[in-house]
Amino acid sequence: MEQFKKDCKVAGFIIVCILINFLGKQLSLICSLPLWLDNMGTVISAYALGPVIGAIVGFTGNIINGMSDPNINIYATVSVAVGLLVGIYARKKMFENLF
C-alpha cells in the first residue's frame, strides 16, 4: 500500500510537470515572451526524478504542444536532451553550488 501511494505521488508530479510545460508554452505565446518556458516542467522533473523521467516529460509535453502546431514536434529532441542533461548533471551534484 505504501508503494502504491508513492507511485501515485510520482505520477501526479509527472502530470503536473507536463502541465507546467504546456502552460509555459501558452504563456510565452500569449505574452510574446522571447523565452522557452515549455521546458520548465522538464527541468523540474529531471532534477527531482532523474534523466529518464525528465526525457519522458519533455517528449510528452512537446507532443502535446505539437497538437496545435505540428511544426514544433521537431523540438521534441531538444526537450529530451534537456531532460537527460539536467537529470545527469543533477545526479552528479553539479547544481549543488550553482549560486
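Before reading on, note that the structure itself is shown above.
Residues numbered from 1 in each chain as written. Predicted model: local features only at pLDDT ≥ 70, side-chain atom pairs only at ≥ 80, totals over all residues. Heavy atoms only, no water.

For the coordinates displayed, the defined rule picks out zero disulfides. The thiol of Cys-8 is unpaired, and the distance to the nearest cysteine sulfur, on Cys-17, comes to 16 Å. (Disulfide = S-S within 2.5 Å.)

To continue, consider the packing of helix 1 (residues 2-30) against helix 3 (residues 51-66). Where helix 1 meets helix 3, the closest approach of the two axes is 9 Å, and the angle between their N-to-C directions is 45°. Taken as axis vectors, helix 1 and helix 3 run oblique relative to one another. Crossing of helix 1 against helix 3: the hand is right-handed. Residues Ile-14, Cys-17, Ile-18, Asn-21, Phe-22, Lys-25 and Gln-26 of helix 1 form the contact with helix 3, whose participating residues are Ile-53, Val-57, Gly-58, Thr-60, Gly-61, Ile-64 and Asn-65. (Axes fitted to C-alpha atoms, helices over the stretch in contact; angles between N-to-C directions. Helix = DSSP H or I, 4+ residues; strand = E, 2+ residues; numbered from the N terminus. Parallel < 35°, antiparallel > 145°, perpendicular 65-115°, else oblique. Left-handed = near helix turned anticlockwise from the far one by under 90°. Contact = heavy atoms within 4.5 Å.)

Moving on to the packing of aromatic side chains. Enumeration over the complete set of coordinates arrives at two aromatic pairs. Plain terms: the ring middles of Trp-36 and Tyr-75 are 6.2 Å apart, the flat faces sit at 55° to each other, and that makes the pair tilted. Of the two residues, Trp-36 is situated in the loop between helix 1 and helix 2 (40-49) and Tyr-75 in the loop between helix 3 and helix 4 (76-91); the sequence distance between them amounts to 39 residues. In this structure Trp-36 comes out as exposed when scored by relative accessible area, which is 61%. Ring geometry for Tyr-47 against Phe-95: centres 6.1 Å apart, planes inclined by 55°, an arrangement best described as tilted. (Phe/Tyr/Trp six-rings, centres within 6.5 Å; stacked < 30°, edge-to-face > 60°. Buried < 20%, exposed > 50% of the residue type's maximum accessible area, 1.4 Å probe, protein only.)

In this section: unusual backbone geometry. The phi dihedral of Ser-32 is positive, around 55°, even though this residue is not glycine. Along the chain, Ser-32 turns up in the loop between helix 1 and helix 2. With a phi angle near 60°, Lys-93 is a residue other than glycine that sits in the positive phi range. If you trace the backbone, Lys-93 turns up in the segment after helix 4.

What follows concerns helix 3. Its 16 residues place the ends of helix 3 22 Å apart at the C-alpha level, agreeing with the 22 Å of an ideal helix rising 1.5 Å per residue. Among all positions of helix 3, only Pro-51, Gly-54, Ala-55, Val-57, Gly-58, Gly-61, Asn-62, Asn-65 and Gly-66 are buried. For helix 3, the angular spread of buried residues about the axis comes to 165°, placing them on one side. Of the surrounding secondary structure, the elements contacted by the buried residues of helix 3 are helix 1, helix 2 and helix 4. (Expected span 1.5 Å × (residues − 1). Arc of directions from axis to C-beta.)

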